[in-house]
Every structure is written in C-alpha cells, then in structure tokens.
Amino acid sequence: MNIILLGPPGAGKGTQAQRLQAERGMVQLSTGDMLRAAVAAGTPVGLKAKAVMDAGQLVSDDIMIALISDRLEQPDAKGGVIFDGFPRTTAQAEALDAMLAEKGLKLDSVVELTVDENALVERVTGRFSCAKCGAGYHDRFKQTRVAGVCDACGSTEFKRRPDDNEATVRQRMAEYHEKTAPISNYYADKGLLKRIDGMADMDKVHADLAAILNAG
Ligand code: ADP
Ligand code: ADP
Ligand code: ZN
C-alpha cells in the first residue's frame, strides 16, 4: 500500500509516518529528511537546496522529482511507502503519477491532515528530534519519557532544524497555500483524497489514519 500524507508544516505528517513505519513496516519517504541529509553530506543537491530551505521556499521540481525517482528504485520501496512532504506542487504530483505507473506501483490513498493554522507556529518552533535515530519530539506535546533521553534509542543528543523558527514557518505556510494546497483538488478529482482532523491528539490521528488504511 502506498499513501501520501498532505498538510502544512507542523500538521503531523512526520509523526504519523514514523509510527506507520514502526507498526506496519511501510517506508517513510520524507523529502525534507532526504534534503537535510544531502545538505549535511555536502552533495551538489545539498549545496543548491540549503539556502532555499533556510528561506522557507520550495526546492525546484527537477531536483525533487529526481530525488524521489531514485529513491523509488530501492528495493524497500516495493513493500509500501508513505510519501511525507512530496508532492508539494502540481508538477510534482503529475510526475509522481507517471513514475508510479512506469514502476508498476499504485497510489492507494492521499490523506490530508487538516489543522488550525494558529497552532502551527507553536508546533513547529517546539519541535526537536533525536540526533541519532531521528525520533520526533515536542517541548510541550511530546516530551521524552525520561528527560534528556530518547525513548527509542537512549541517545542523549537532540537537534532542532534551522528552518523551524517563526519567520520561516510563516513563509513555508505561504508556500503551502500558494503551491501545495491546490494538489488536494488534484487528488480529490481522482477520488483518492481523505481528510482527517490533525488537531486531535496524536493517538486519535493515528487511529483515524489506521482506519483509512485498514479499509483500503
Ligand atoms: P510535519 O511533519 O507535518 O511538519 P511533525 O510530525 O514534525 O509535522 O509535527 C510537528 C510537531 O508537532 C512535532 O514536534 C510533533 O511532536 C508535534 N505534533 C505532531 N502531531 C501532533 C498532535 N496531533 N498534537 C500535538 N502535537 C503534535
Ligand atoms: P515540514 O515537515 O515542516 O513540512 P519538510 O521537512 O517536509 O518540512 O521540508 C523542509 C524544507 O525542504 C521545505 O521548506 C522545502 O524547502 C524543502 N522541501 C521538502 N520537500 C520538498 C518538495 N517536495 N518540494 C520542494 N521543496 C521541498
Ligand atoms: Zn533516538
């Protein structure tokens, strides 16, 4: 089963994708994580993407489409993927359709997490993750069980994203409205779009998502 999680920055896409990955063996394909890895490794893509990401703008469609196309070639992608942060433009959505058709893969559901935008700045500015395993946390909404220790791997090192500041979040929300929101209609027209309440607590969002997957 292959699904897309849609929603603005801070909607909870990564949180839900990590949980589906752990519980169902689906593979989370986070284009944001891929780009951050490229930036850290200093690859040509990373060098191009860094300033764009820091400004809260979208990296070019060409780069993103190539990145996802390569990633889908890896064998683990055959067992079911969760697209987290891709597609973000109509051009990316169209390219994804073509890629999936060519690889003999099918899109089962597109799930949009609907959120109250007023909550997003706090969600994003309070976000941090384990430096070792990537598990996601929040200063208020998802603290580690033991202070300063990752629940998943026991590491005591954490990191915050340079773009998770208020000014950049507002720019990313503007980009979302202008360029990404229109793809909801693209998938609604195909009969694939489902919406769930992203303001509910994480377990409820997970249960709603699981119900969609189990029905499909
Ligand atoms: P996205 O991947 O859509 O940008 P994240 O999954 O990283 O969003 O969530 C953003 C922040 O909000 C994280 O720190 C996460 O722990 C927290 N969060 C995610 N889902 C919820 C929720 N349903 N309620 C409260 N906080 C949440
Ligand atoms: P969030 O989880 O807060 O929505 P991401 O980690 O998905 O953020 O993305 C971080 C940044 O990486 C984006 O602001 C953008 O600059 C870039 N990015 C990630 N995915 C894409 C994409 N599909 N198209 C263009 N830019 C992307
Ligand atoms: Zn960890």
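Residues numbered from 1 in each chain as written. Chains lettered and ligands numbered in written order. Predicted model: local features only at pLDDT ≥ 70, side-chain atom pairs only at ≥ 80, totals over all residues. Heavy atoms only, no water.

Draft legend 1. Looking closely at unusual backbone geometry. Note that the residue after Phe86, namely Pro87, is joined by a cis bond; omega there is -5°. Note that Pro87 resides in the loop between β3 (81–84) and α5 (90–103). (Helix = DSSP H or I, 4+ residues; strand = E, 2+ residues; numbered from the N terminus.)

Draft legend 2. Representation of the coordination of the zinc ion (ligand 3) in the model. The protein atoms that coordinate the zinc ion (ligand 3) are Cys130 (SG), Cys133 (SG), Cys150 (SG) and Cys153 (SG), at distances spanning 2.3 to 2.4 Å. Around the zinc ion (ligand 3), the four donor atoms are arranged such that angles at the metal cover 102 to 115°; this shape is classified as tetrahedral. (Donors = N, O, S within 2.8 Å, 3.2 Å for Na, K, Ca; no water. Tetrahedral: all angles 85-135°; square planar, octahedral: opposite > 155°, others 65-115°.)

Draft legend 3. Summary view of the site of ligand 2. Close to ligand 2 lie 19 residues; Thr31, Arg36, Gln57, Gly85 and Arg172 are nearest. Take Gln57: an N or O atom from its main chain is 2.5 Å from an oxygen atom of ligand 2. The backbone of Val59 places a nitrogen or oxygen atom 3.1 Å from a nitrogen atom of ligand 2. Surface burial for ligand 2 is 97%, taken as the share of its 550 Å² of free accessible area covered by protein chains. (Near = heavy atom within 4 Å. Polar contact = N/O pair within 3.5 Å; in protein donor to acceptor, adjacent residues only side chain to side chain. Areas by Shrake-Rupley, 256 points an atom, 1.4 Å probe, with all protein chains shown as cover.)

Draft legend 4. How the structure looks around the site of ligand 1. Lining the immediate surroundings of ligand 1 are 18 residues, of which Lys13, Gly14, Thr15, Arg127 and Tyr137 lie closest. A distance of 2.8 Å separates an oxygen atom of ligand 1 from a polar atom in the side chain of Lys13. One of the backbone N or O atoms of Gly14 is found 2.8 Å from an oxygen atom in ligand 1. When ligand 1 sits alone it has 560 Å² of accessible area, and the protein chains cover 91% of it.

Draft legend 5. Fine view of the nonpolar core. One finds Ile68, Leu72, Phe83, Leu96 and Tyr187 to be the most contacted residues of the largest nonpolar core, which totals 31 residues. Those elements that place two or more of their residues in this core are β1 (3–6), β2 (27–30), α2 (31–41), α3 (44–54), α4 (61–72), β3, α5 and α8 (182–189). The contacts of Ile68, once residues within four sequence positions are left out, are Leu29, Thr31, Met34, Phe83, Phe86, Leu96 and Met99. Judged by nonpolar contacts, the second largest core, of 21 residues, contains Ile3, Met26, Leu120 and Ala200. (Core = buried A, V, L, I, M, F, W, Y, C linked by side-chain atoms within 4.5 Å. Buried < 20%, exposed > 50% of the residue type's maximum accessible area, 1.4 Å probe, protein only. Contact = heavy atoms within 4.5 Å.)

Draft legend 6. Layout of the pattern of salt bridges. In this structure the tally under the stated criterion is 20 salt bridges. Between Lys50 and Asp54 there is a salt bridge, with the nearest N and O atoms lying 2.5 Å from each other. Within this pair, Lys50 and its partner Asp54 are both found in helix α3, separated by four residues, close to a single helical turn. Judged by its relative accessible area of 40%, Lys50 falls in the partly exposed class. The partly exposed category is assigned to Asp54, whose relative accessible area is 32%. Salt bridges sharing common partners tie together Arg127, Arg161, Asp163, Asp164 and Arg172. (Salt bridge = Lys/Arg side-chain N within 4 Å of Asp/Glu carboxyl O.)

Draft legend 7. Looking closely at the sheet that holds strand β6 (residues 136–138). Within the open sheet, the three strands sit side by side as β6-β5-β7. Their pairing is antiparallel. The outermost strands of the open sheet, each flanked by one partner alone, are β6 and β7 (158–159). Pairing between strand β5 (residues 127–130) and β6: three bridges, direction antiparallel. Paired with Arg127 across the two strands is His138, which belongs to β6. (Pairing = 2+ DSSP bridges.)

Draft legend 8. Representation of the packing of aromatic side chains within the structure. The full count for this structure, using the stated rule, is five aromatic pairs. Residues Phe83 and Phe86 carry aromatic rings whose centres are separated by 6.5 Å and whose planes lie at 40° to one another, so their mutual orientation is tilted. What makes Phe83 buried here is its relative accessible area of 0%. Taking relative accessible area as the criterion, Phe86 reaches 0% and is therefore assigned buried. Consider the rings of Tyr186 and Tyr187, whose centres lie 5.0 Å apart with planes at 90°: the pair is edge-to-face. Chaining the aromatic ring pairs together yields one cluster made of Phe128, Tyr137 and Phe158. Across from the ring centre of Tyr137, 5.5 Å away, lies the NZ or CZ of Lys142, which sits over that ring. (Phe/Tyr/Trp six-rings, centres within 6.5 Å; stacked < 30°, edge-to-face > 60°. Lys NZ or Arg CZ within 6 Å of the ring centre and 35° of its normal.)

Draft legend 9. A look at α5. Taking 1.5 Å per residue, 14 residues should reach 20 Å; α5 reaches 20 Å between its end C-alpha atoms and fits that length. Those residues of α5 that sit buried are Gln92, Ala93, Ala95, Leu96, Met99, Leu100 and Lys103. The arc that holds the buried residues of α5, viewed along the axis, is 165°, so those residues lie on one side. When the buried face of α5 is taken as reference, the exposed residues oriented beyond 90 degrees from it are Ala101 and Glu102. In this structure, the buried side of α5 is in contact with β1, α4, β3 and α8. Directly after α5, the chain includes Gly104, whose backbone phi takes a positive value near 70°. (Expected span 1.5 Å × (residues − 1). Arc of directions from axis to C-beta.)

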